[in-house]
Amino acid sequence: IAIVVGDVSGHGIPSALLMATARAFIRQRAYLPGDLSQVISDVNRQIAGDVEDSGQFMTLFYMMVDSDSRGLEWVRAGHDPGICYDPEKDVFEDLAGPGLALGIDSEYNYVTNRKDGLKEGQIIVLGTLVLVEVVRRGWRPTSPRPFGGSLKRRFQVPGSARLPSSRLRRPRSP
């Protein structure tokens, strides 16, 4: 399973065009040989060429779920880290790693990060800067994970929305 979450700078038509362009670049490049870091490094070169005079940029979190190894691979390009919640241990883990926003430096080489040993019932949360905007507008979290309590309450009911192992599939080949 491939998952991409991104956010572009600005608003309006130029930002919408950047998002559509990035989507097309990613979809096209993902079908060619190379690991996640190569895909995003190549996409970055394309985007940097398009936005070099505009000052625009884009953040991105690109993740692959490998059902055979029960692992995750991801690349961060300036985006907020993902979060892995293990309800069995009641532990939150950041899916962090280095990565500059797309479009800033055409020569930047991205890094693939990996987490092995996923277990049934663990929850992966990806998001965008909406959470930051909530904090900026005066909401004060009481823990490092402002939505952690809500997440825990939401998944207390057995099987309520957990991704069963049968739903973990291999990405389609071109």
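Refer to the preceding data block for the structure.
Here the structure is a predicted model, which is why all the values come from computation and not from measurement. (Residues numbered from 1 in each chain as written. Predicted model: local features only at pLDDT ≥ 70, side-chain atom pairs only at ≥ 80, totals over all residues. Heavy atoms only, no water.)

Draft legend 1. Structural detail: the sheet that holds strand S1 (residues 2-8). In spatial order, the strands read S1-S2-S3-S6; together these four strands make up an open sheet with antiparallel pairing. Strands with a single pairing partner mark the edges of an open sheet, and in this sheet they are S1 and strand S6 (113-115). Between one strand and the next, the sheet's axes are offset by a mean angle of 15 degrees, whatever the strand orientation. Pairing geometry for S1 and strand S2 (residues 58-66), over seven bridges, is antiparallel. (Pairing = 2+ DSSP bridges. Helix = DSSP H or I, 4+ residues; strand = E, 2+ residues; numbered from the N terminus. Axes fitted to C-alpha atoms, helices over the stretch in contact; angles between N-to-C directions.)

Draft legend 2. Highlighting the side chain of Arg29. Considering the arrangement of structural elements, one finds Arg29 in helix H1 (residues 13-30). Judged by its relative accessible area of 9%, Arg29 falls in the buried class. Polar side-chain contacts of Arg29 include one of 2.6 Å to the side chain of Asp42. Discounting chain neighbours no more than four positions away, the residues touching Arg29 are Gly34, Gln38, Val39, Asp42 and Val43. (Buried < 20%, exposed > 50% of the residue type's maximum accessible area, 1.4 Å probe, protein only. Polar contact = N/O pair within 3.5 Å; in protein donor to acceptor, adjacent residues only side chain to side chain. Contact = heavy atoms within 4.5 Å.)

Draft legend 3. Structural view of the environment of His79. Counting through the fold element by element, His79 comes out in the loop between strand S3 (71-77) and strand S4 (82-86). The sequence separation of His79 and Thr128 amounts to 49 residues, and the corresponding C-alpha distance is 7.4 Å. Sequence-distant contacts of His79, that is, excluding residues within four places in its chain, are made with Val5, Gly6, Asp7, Thr59, Leu60, Phe61, Gly127 and Thr128. A polar atom in the side chain of His79 sits 2.8 Å from the side chain of Thr59.

Draft legend 4. Quick peek at the sheet that holds strand S5 (residues 91-95). Taken in spatial order, the three strands line up as S5-S4-S7 in an open sheet, and their pairing is antiparallel. Only two strands of the sheet have a single neighbouring strand rather than two, namely S5 and strand S7 (123-125). Within this sheet the neighbouring strands show an average axis-to-axis angle of 25 degrees, counted without direction. In this sheet, S7 lies alongside S4 in antiparallel orientation, the contact comprising three bridges. Residue pairing for S7: Ile83 is matched across the bridge by Val125.

Draft legend 5. Layout of the pattern of salt bridges. By the definition in use, this model includes six salt bridges. A salt bridge links Arg45 to Asp42; its shortest N-O distance comes to 2.7 Å. Note that Arg45 and Asp42 are positioned in helix H2 (residues 36-51) at a spacing of three residues, about one turn of the helix. By relative accessible area, Arg45 is classed as partly exposed at 32%. Linking Glu93 and Lys115 is a salt bridge whose minimum nitrogen-to-oxygen distance equals 2.9 Å. With Glu93 in strand S5 and Lys115 in strand S6, this residue pair connects regions lying 22 residues apart in the sequence. Salt bridges here are not isolated pairs; linked through shared partners, they connect Arg29, Asp42 and Arg45. (Salt bridge = Lys/Arg side-chain N within 4 Å of Asp/Glu carboxyl O.)

Draft legend 6. Looking closely at the nonpolar core. The biggest cluster of nonpolar side chains holds 18 residues, and the ones touching the most others in it are Ile40, Ile47, Met58, Leu60, Tyr62 and Leu102. For this core, the elements supplying multiple residues, two or more each, are H1, H2, S2 and S3. In terms of residues, this core owes the most to one element, H2, which gives six residues. Apart from residues lying up to four places away in sequence, Leu102 is in contact with Ile40, Asn44, Ile47, Phe57, Met58, Leu60, Ala77 and Tyr110. Ranked by size, the runner-up nonpolar core spans eight residues in total, among them Met63, Val65, Leu72 and Leu118. (Core = buried A, V, L, I, M, F, W, Y, C linked by side-chain atoms within 4.5 Å.)

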